[in-house]
Amino acid sequence: MIKSTRLFGAALLGSTAMLIACSPASSQAGGKSFIDANKASNAIVGEFRVPEGLDVTKAKIIACEEPFQECEGREIKVKAVRLSDSPQAGWGYDDRDGGFVFKGLNPAKKYQVLAWMDVNNNDDADVGDTLGIMNNAAAVPTGYGERIKMLTQGAFGTTTEVDDKGARGGAPTMLAGTWKSQSGGGSELKMTPTVKFQPSIATGNGLDMGGTFGAGSQTNTVIVNEYKSVKGSDRAQSLTINPDGSFKWIVDRGAPRGKSCVEQVHEERLGQARINGSKVTLSITGGFSSLTNPCGEPQRNRRSPFPNRSETYNFTRTGNTLNLKDSGGTNWTFKKS
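Residues numbered from 1 in each chain as written. Predicted model: local features only at pLDDT ≥ 70, side-chain atom pairs only at ≥ 80, totals over all residues. Heavy atoms only, no water.

Some remarks on the overall build of the chain
In terms of helices and strands, the chain carries 2 helices and 24 strands. Residues counted as buried form 44% of the 337 residues belonging to the chain. A separation threshold of at least 6 residues defines the contact pool for the chain, and within that pool the share at least 24 residues apart is 62%. Accessible surface computed for the chain: about 16800 Å², of which carbon and sulfur atoms make up 52%. (Helix = DSSP H or I, 4+ residues; strand = E, 2+ residues; numbered from the N terminus. Buried < 20%, exposed > 50% of the residue type's maximum accessible area, 1.4 Å probe, protein only. Contact = heavy atoms within 4.5 Å. Areas by Shrake-Rupley, 256 points an atom, 1.4 Å probe, with all protein chains shown as cover.)

Right under this line is the structure:
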């Protein structure tokens, strides 16, 4: 006897009612949601979220045609998919978000649908399990879609709601791989010295060059290094993103110095990538930058740690082509290698 089918029986519906709730589909920006992309007249589509640390693809997804009190032996089961791996990943799904589709159902029938994390895999809904049933346990018709609210069963009949306040930004599984780009122009963030005037009584960062108009001047001239969006030069890039979001970003580019010299810059950036909607954020937490001067100025050769910072881009992926853009003029096209 499959104990899971008893969840559909009238005897247990009352005792599990406290576990069951529903909510509308996610409203993240960027393309269609999993539900909208998979709705069909002979299908039932669902989304759900499991607690941190659980593998959403291990969830048991079960449908039962009415009368569901006689479900044993008539269950319909499908596998859950991790939505951050799906074609709709750009919607902004978290790694804990799962989805499922029951296809080829009879439009003349109604079904009760259960999503269940059976953490000890004993085919019995007990303490520690997380579950939700569509439409407050009422049967639903084909063509129906819902994001199911999931709750975890605690001791003494208590429950804990799974946080479902929108994706935190999922690991960019859909961007996993090595992407290469060879381009010129564009814009990039670059540490650039800027001359500023500040009151002589003020203190701040930067190299103080003294009074703007000599001793006793009310302002001092200060040179401050700031990141600015500047016109880029020819560059070759290799961006490797792992399924867990860790990345290594190698950039080789020229940095013009004067009219006849181009210094060579090599950068290796390490960090963590996350996607949210149609944006990807690359949080740089390590790496280095080196500069080589081929024009008789060896004193300019140097190597230094790459500064920690986050860069966010709008992205689109079409097959093996990845495009990154930002409001500062960056427009890079990568090809998957």
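Considering the pairing of strand 7 (residues 110–117)
Of all 8 residues making up strand 7, 7 are buried, and the element is well covered by its neighbours. In terms of strand pairing, strand 3 (residues 60–65) meets strand 7 through 6 bridges, oriented antiparallel. Along strand 7, the bridge assignment pairs I62 with L114. In terms of strand pairing, strand 7 meets strand 9 (residues 140–141) through 2 bridges, oriented antiparallel. Across the sheet, K110 pairs through a bridge with P141, a residue of strand 9. Sheet analysis places strand 7 next to strand 8 (residues 130–133), joined by 4 bridges and oriented antiparallel. Residue A115 lies in a different strand from strand 8, and its bridge partner there is G132. (Pairing = 2+ DSSP bridges.)

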